[in-house]
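Chain by chain, the residues:
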Amino acid sequence: MTDTASRYLYLARHGEASADETTLTENGRRQAVLLGERLRSTPLSAIHHGPLPRAQETAQLIGAQLDGVPLHRSETAGDYVPHLPAKEELPPDAADSLLGFLAQVPEEERAPGPALARKALAEFTGPVDGDRPRHELVVTHNFLIGWLVRAALDAPEWRWLGLNHCNAALTVIRYAPGRPSSVLFHNDMGHLPAELRWTGFPPEFQA
């Protein structure tokens, strides 16, 4: 019988990006460095990051603050719509606005999304083989973080919608053998000074 151990999945949205999303802003670079400093005492075995420049640059800046943690480029950690709900799945009072939002997402982010989302669950979640806990960081985008959090909570598939994540904030999920997955914390910005918090978040959701 193969032993299994806990997985600690650290999820971070990329730092604040430029208007054309080809690079990070100065604030975004500061956010990434500060997140890397926060994670120095964490025994990370790997940093996975999406293929887009804003995620890759964030991962590189985080990795520069750590000691030899390898970086892995992953299409699975990219920016895509993880689930396209039918109208009948959604709350009646919110269905039209949610579907209207999804209709604005480019087709290249919608079409491959569900397959990539299933792969993300297989690749990034659940306990791990062996007798030692594994700590991994995924530098990604808002949609995938929402998808993985809703899965950890056994929420309906459409419920990734409305789970927003700030730039360079941190979420941690624990997957322990024989126990339900646990969201240890979500959208934590404790490592960021006040002026670097809440970027990438709709103003009406800021608290």
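Definitions and cut-offs
- Residues numbered from 1 in each chain as written.
- Predicted model: local features only at pLDDT ≥ 70, side-chain atom pairs only at ≥ 80, totals over all residues.
- Heavy atoms only, no water.
- Core = buried A, V, L, I, M, F, W, Y, C linked by side-chain atoms within 4.5 Å.
- Buried < 20%, exposed > 50% of the residue type's maximum accessible area, 1.4 Å probe, protein only.
- Helix = DSSP H or I, 4+ residues; strand = E, 2+ residues; numbered from the N terminus.
- Contact = heavy atoms within 4.5 Å.
- Axes fitted to C-alpha atoms, helices over the stretch in contact; angles between N-to-C directions.
- Parallel < 35°, antiparallel > 145°, perpendicular 65-115°, else oblique.
- Left-handed = near helix turned anticlockwise from the far one by under 90°.
- Nonpolar A, V, L, I, M, F, W, Y, C, P; charged D, E, K, R; others polar.
- Pairing = 2+ DSSP bridges.
- Arc of directions from axis to C-beta.

Student: An account of the nonpolar core is needed here, citing residue identities and associated values.
Tutor: One finds Leu9, Leu11 and Trp160 to be the most contacted residues of the largest nonpolar core, which totals 26 residues. Among the elements that make up this core, the one with the highest residue count is helix H6 (residues 142-152) (seven residues). With near-sequence residues (within four places) excluded, Leu9 lies in contact with Phe124, Glu136, Val138, Leu148, Thr171, Val172, Ile173 and Tyr175. Residues Tyr10, Ala32, Ile62 and Val139 belong to the second largest nonpolar core, which totals 16 residues.

Student: Account for the packing of helix H5 (residues 113-124) against H6, with residues named and values stated.
Tutor: Close contact between H5 and H6 brings their axes to 11 Å; oriented N to C, the two are set at 55 degrees. On the basis of their axis angle, the class for H5 and H6 is oblique. Pair H5 / H6 crosses with right-handed handedness. Where H5 abuts H6, its residues Ala117, Ala120 and Leu121 lie against Leu144, Trp147, Leu148, Arg150 and Ala151. Looking at the contact of H5 with H6, its residues break down into seven nonpolar, no polar and one charged.

Student: Provide a residue-level description of the pairing of strand S8 (residues 182-188), including the pertinent values.
Tutor: One face of the sheet, then the other: side chains in a regular strand alternate in exactly this way. Bridge count between strand S7 (residues 170-175) and S8: four bridges; the pairing is antiparallel. Counted as the bridge partner of Arg174 is Ser182 from S8. Hairpin geometry of S7 and S8 is characterised by an intervening segment of six residues between the two adjacent antiparallel strands and by a positive phi of about 70 degrees at Gly178.

Student: An account of helix H3 (residues 95-103) is needed here, citing residue identities and associated values.
Tutor: By the burial criterion, the buried members of H3 are Ala95, Leu98 and Leu102. Along H3, the residues classed as buried sweep out an arc of 75 degrees about the axis, all on the same side. Residues of H3 that are exposed and angled more than 90 degrees away from the buried face: Asp96, Ser97 and Ala103. For H3, the secondary structure elements touched by its buried residues are helix H4 (107-110).

Student: Quick one: what's the story with the sheet that holds strand S4 (residues 71-73), residue by residue and with numbers?
Tutor: Taken in spatial order, the six strands line up as S4-S3-S6-S2-S7-S8 in an open sheet, and their pairing is mixed. Sheet topology places S4 and S8 at the edges, where each strand pairs with a single neighbour. The average angle at which neighbouring strand axes cross in this sheet is 20 degrees, direction not considered. Pairing of strand S3 (residues 44-49) with S4 involves three bridges; the strand directions are parallel. What sits directly across from His49, in S4, is Arg73. Seen against the sheet, H6 touches strand S2 (7-13), strand S6 (134-140), S7 and S8 and runs at an angle of roughly 145 degrees to S2.

Student: Lay out the side chain of Ser6 in plain terms, naming residues and giving numbers.
Tutor: Summarising the element assignment, Ser6 is placed in the loop between strand S1 (4-5) and S2. Excluding residues that lie within four positions of it along the chain, Ser6 makes contacts with Val128, Pro133, Arg134, Arg174, Tyr175, Ala176 and Pro177.

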